[in-house]
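Listed below, chain by chain, are the residues.
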Amino acid sequence: MTTASVIRVVIVMGVFIASSALADDTVAGSGEQIYQRWCTACHGAGADKPGTGALEFKYKGAVPAELEKRVDLSADLVKYFVRHGVSIMPPFRKTEITDAELDALARYLSKK
Amino acid sequence: MRAPPNVTTKVFNEALRSFEAAVGKSWVFTSEEDTALYKDAYSPFFGEPEERWVSAAVAPATVDEVRQVMRIANQHRIPIYPISTGRNLGYGGSAPVYSGSVVLDLKRMNRILEVNETNATCLVEPGVSYFDLYRYIREHKLKVWIDCPDPGWGSLIGNALDRGNGYTMAPYRDHFGSHCGMEVVLADGDLVRTGMGALPGAKTWQQSMYGFGPSVDGIFSQANSGVVTKMGFWLMAEPEAYLSGTVAVAKRDDLEPLLKTLCELVANNTMIATTRLGSPLQLGRMFGLPPEPEHAALLDKPGVTVAELEAYGRANDLAYWTIDLKFYGGVEVVEAQWAYSQRRFAAAIPSAKFTRHDLLRFPLTDDQAEQNFDKASLGIPSLQAFFVGARSPAHPHASRGHFWFSPIIPLSASAVFEAQAVFDAAFREWGVRPLYRTLPQLYQPRVFYLLFGFAISEDPAVNRKTRETIRKMIKLAAEHGWAEYRTAPAFMDDIMAVYSYNDHALLRLHERIKDALDPHGILSAGRYGIWPKHLRKQGQ
């Protein structure tokens, strides 16, 4: 085993500090980074994103299917769905998205 | 705030104060708003008294904090329910089996401790998701692959402990089978490392599985005897290429030589990827997708014969059965495996047709990885699985969640025909139509899994009927020698009950282990049907 071949890390991703070091009011990344980390796998662009597909079918083009392209989302609406879920989307716990991170995410999606 | 069952408010408050001292006040959740986040989002008891509730949640960040929490819980007899990422939706999510438990939320323990590219191994904590490890590997351009289950936000450790499956090659897609070494906090707070990890300073914890003496790792999977805080896994070295192809046959009875040949190719290691039996002729009925009107009418015609279906298939170029073959390795190797496989299938079924798909070379660019639709076969995590139940043309009304019944049947044509006949007849008799129904899937290499998905409703009467259906299916399957491998808390007792050889000797053994390792019965009571002594009658 070479030194170069073994990677020891104390962080999961470069932009995220280990959550063990986080206070609950610490924001691990910008709103956009939080969106990329938690939301795009379902709500991003592409035919394999079930959230985008569901919103496309629901709104039939009246609003963009991708959340990131919406201009009508309020911060409170974003926070409500993240903490309560909707349809098959589950709520997200505070160990996943802290209140401070949710503020940043809500600001990001509501300032479009 | 409600105290757990059989715990006074005074004692619970003392325990909560001690938890706060151990992990920090901000990581102990007691408000109704916060504990509601731990409910099972896909609960089949939605809105009913039996819906599992959580008295509090505690989120440690280190192994030492986990040990402190367990000691405190033992001292005060507080029921504890550990979760990793809590995302095994359809199998209970973050909710405890025993209502009122304190959830031990390990999501903050999210360190990737080691990725060894040379040996293709890793060591991770429970909060690390498949997305996390995949992103890390991509960012560091490491030549290793993960094997992920359907939803990529699950925990490697949680999924392995639930004995989940993935979609690449056989040694890796058995997620528990591909683990190598554990670190476990026992119910009394003691700390154990298994395999080579029991050797202080061990250099091969993630390379050699067994160490010395009895192998005990299995008692921590689908069980409740410890809190796994670290786990090693064997990864797949990035192959040079991936090649897939489809074998299609026209007649119903071609299934026997088709599966016999598949068995041979699996057992001689020519084709050890996962695959699913397909049936374009039966597609409309099996997947709930709208087929062509003429095709749909034929499928719904009472008493439709095999000859009629085969004739429709011949006229419309629809195969009765298909199997996708997938190969990973050097370019020459995968081409040779595909050529050899075609030769074997053609010898068994001269009329078989073969379609070769594009050869992929690795590494993929970010765009190639993102745009590929068969991500799971390439070890790329996604959330594609949530198309099941999501609003779509096939399902105009989104469901509130889903759960699965997945009995394991033999990998043979006779078993497939028998299972189809048994469940078709039962569904007709019961007036039931599952949300999602597939033809058998080859997760483990020598058996088929049948997957039946059922929708969660906001109407308790609908959910009650679905629960009754599942319980009838469990018994019906058991009568035919088939059983589920994994389930949601609502059905754990029912399924454990059918594993009943010699007057439930296996469950009695589990209970003896449980009583020995967790004498106060505080850890994950009822998980997989294993109840601690003081709750045993209640659970059963």
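Residues numbered from 1 in each chain as written. Chains lettered and ligands numbered in written order. Predicted model: local features only at pLDDT ≥ 70, side-chain atom pairs only at ≥ 80, totals over all residues. Heavy atoms only, no water.

A. Main features of the overall build of chain A. Secondary structure summary: chain A contains five helices and one strand in total. Its helices and strands in sequence order give chain A the pattern β-α-α-α-α-α, from N to C terminus. Expressed as a percentage of the 112 residues in chain A, the buried residues total 52%. Of all intrachain contacts in chain A linking residues separated by at least 6 positions in sequence, the fraction that spans at least 24 positions is 48%. Roughly 5300 Å² of accessible area belongs to chain A as shown, and the carbon and sulfur atoms make up 58% of that amount. (Helix = DSSP H or I, 4+ residues; strand = E, 2+ residues; numbered from the N terminus. Buried < 20%, exposed > 50% of the residue type's maximum accessible area, 1.4 Å probe, protein only. Contact = heavy atoms within 4.5 Å. Areas by Shrake-Rupley, 256 points an atom, 1.4 Å probe, with all protein chains shown as cover.)

B. Layout of the pairing of strand β14 (residues 321-329) of chain B. All names here are of chain B. The buried fraction of β14 is high, at eight of nine residues. The pairing of strand β12 (residues 241-249) with β14 spans nine bridges and is antiparallel. In the sheet register, Gly245 faces β14, and the bridge partner there is Leu325. Where strand β13 (residues 275-278) lies against β14, two bridges are found, and the strand directions are antiparallel. By the bridge assignment for β14, Gly278 is matched with Thr322. (Pairing = 2+ DSSP bridges.)

C. A look at the packing of helix α13 (residues 413-430) of chain B against helix α14 (residues 460-479) of chain B. All names here are of chain B. The contact between α13 and α14 brings their axes to 12 Å, and the two run at 145°. For the pair α13 and α14, the sense of crossing is right-handed. Residues Val422, Phe423, Ala426, Phe427 and Trp430 of α13 form the contact with α14, whose participating residues are Lys465, Thr469, Lys472, Met473, Leu476 and Ala477. For the contact of α13 with α14, a count of residues per class yields eight nonpolar, one polar and two charged. (Axes fitted to C-alpha atoms, helices over the stretch in contact; angles between N-to-C directions. Left-handed = near helix turned anticlockwise from the far one by under 90°. Nonpolar A, V, L, I, M, F, W, Y, C, P; charged D, E, K, R; others polar.)

D. Seen up close, the sheet that holds strand β19 (residues 436-437) of chain B. Residues and elements named next belong to chain B. Judged by pairing direction, the sheet is antiparallel, and its three strands sit side by side in the order β17-β22-β19 without closing on themselves. Each end of this open sheet is capped by a strand with a single partner; those strands are β17 (402-405) and β19. Both β17 and strand β22 (residues 452-455) contribute to a ladder of four bridges, which runs antiparallel. The residue bridging Phe403 from the neighbouring strand is Phe454, located in β22. α14 contacts β17 and β22 of the sheet and is inclined by roughly 160° relative to β22.

E. Region of interest: the nonpolar core. Counting residues in each nonpolar core, the largest one holds 132 residues, and the members touching the most others are Leu133, Leu258, Leu277 and Phe423 of chain B. By size, the runner-up hydrophobic cluster in this structure holds 45 residues, among which are Val7, Leu37, Val63 and Trp531 of chain B. (Core = buried A, V, L, I, M, F, W, Y, C linked by side-chain atoms within 4.5 Å.)

F. The arrangement of the side chain of Thr469 of chain B in detail. Residue and element names in this part refer to chain B. Counting through the fold element by element, Thr469 comes out in helix α14. Residue Thr469 is classed as buried on the basis of its relative accessible area, which comes to 4%. Those residues in contact with Thr469 that lie beyond four places of it in its chain are Trp430, Val432 and Phe454.

G. Quick look at helix α1 (residues 31-38) of chain A. Regarding α1 of chain A, the residues found buried are Gly31, Ile34, Tyr35, Arg37 and Trp38 of chain A. Projected down its long axis, α1 of chain A carries its buried residues within an arc of 165°, all on one side. Buried-residue contacts for α1 of chain A involve α2 (40-43) and α5 (99-110) of chain A together with α4 (130-139) of chain B. (Arc of directions from axis to C-beta.)

H. Representation of the domain arrangement of chain B within the structure. Residue and element names in this part refer to chain B. Each assigned domain of chain B is listed here: domain 1 (9-105), domain 2 (112-237), domain 3 (241-381), domain 4 (401-486) and domain 5 (495-539). Just the C-alpha atoms count here: the centres of domain 4 and domain 5 sit 25 Å apart. The interface is formed by five residues belonging to domain 4 together with four residues belonging to domain 5. Roughly 460 Å² of surface becomes buried between domain 4 and domain 5 when both sides are summed, with 77% attributable to carbon and sulfur atoms. Across the contact surface, domain 4 and domain 5 share zero salt bridges. For the pair domain 4 and domain 5, the number of links is one residue pair in polar contact (both at pLDDT 80 or more). At the level of secondary structure, the elements contributing two or more residues to the side of domain 4 that touches domain 5 comprise α14 and β23 (483-484). When grouped by side-chain class, the residues that make up the side of domain 4 that touches domain 5 number three nonpolar, no polar and two charged. (Domains from an automatic or database assignment. Buried area = accessible area lost by both parts, 1.4 Å probe. Salt bridge = Lys/Arg side-chain N within 4 Å of Asp/Glu carboxyl O. Polar contact = N/O pair within 3.5 Å; in protein donor to acceptor, adjacent residues only side chain to side chain.)

I. Spatial organisation of the environment of Arg193 of chain B. All names here are of chain B. Tracing the backbone shows Arg193 in strand β9 (residues 191-193). Arg193 gets classed as partly exposed once you look at its relative accessible area, which sits at 36%. Taking C-alpha positions, Arg193 is 48 Å from Ala421, a pair spaced 228 residues apart along the chain. If we skip the residues at most four places from it in the chain, Arg193 touches Met182, Glu183, Ala198, Trp205 and Lys230. Only 2.9 Å separates the side chain of Arg193 from the side chain of Glu183, close enough to count as a polar contact.

J. Examining the side chain of Asn159 of chain B more closely. Residues and elements named next belong to chain B. With respect to the element layout, Asn159 can be found in helix α5 (residues 156-161). Judged by its relative accessible area of 11%, Asn159 falls in the buried class. A distance of 2.7 Å separates a polar atom in the side chain of Asn159 from a polar atom in the side chain of His175. Beyond its immediate sequence surroundings of up to four residues, Asn159 is in contact with Tyr130, Pro149, Gly164, Asn165, His175 and Arg486.

K. Structural context of the interface of chain B and chain A. Across the contact, 57 residues belong to chain B and 41 residues belong to chain A. In this assembly, chain B packs against chain A so that about 4200 Å² is buried in total across both faces, 59% of it on carbon and sulfur atoms. It is Leu37, Arg87 and Arg391 of chain B in chain B that bury the most area against chain A; as a group they hold 15% of the surface buried on that side. The tally of links from chain B across to chain A stands at seven salt bridges. Measuring nitrogen to oxygen at the nearest pair gives 3.8 Å for the salt bridge that ties Lys94 of chain A to Glu33 of chain B. At the level of secondary structure, the elements contributing two or more residues to the side of chain B that touches chain A comprise α2 (32-35), β5 (112-116) and α4 of chain B. Looking at the side of chain B that touches chain A residue by residue, the class counts come to 26 nonpolar, 15 polar and 16 charged.

L. Structural detail: the sheet that holds strand β2 (residues 56-58) of chain B. All names here are of chain B. With mixed pairing, four strands are arranged side by side in an open sheet as β1-β2-β4-β3. Sheet topology places β1 (28-29) and β3 (80-83) at the edges, where each strand pairs with a single neighbour. Examined bridge by bridge, β2 and strand β4 (residues 102-105) share three bridges and lie parallel to one another. The partner of Ala56 across the bridge, within β4, is Val102.

M. Broad picture of the environment of Glu51 of chain B. Residue and element names in this part refer to chain B. Locating Glu51 in the fold gives a position in the loop between α2 and β2. The sequence separation of Glu51 and Phe454 amounts to 403 residues, and the corresponding C-alpha distance is 18 Å. Each residue touching Glu51, except ones within four places of it in the same chain, is listed here: Lys39, Asp40, Ser43, Phe45, Phe46 and Ser99. Side-chain polar atoms of Glu51 contact the backbone nitrogen of Gly47, separated by 2.9 Å.

N. Quick look at the confidence of the model for chain A. Residues and elements named next belong to chain A. Mean pLDDT over chain A stands at 81; residues scoring 70 or higher make up 74%. Per-residue pLDDT, averaged within each element of chain A, yields its smallest value for strand β1 (residues 6-7) (40) and its largest for helix α4 (residues 75-84) (97). The low-confidence segment residues 1-25 (pLDDT under 50) makes 55 contacts with residues lying over four places distant or belonging to another chain. (pLDDT = per-residue confidence, 0-100.)

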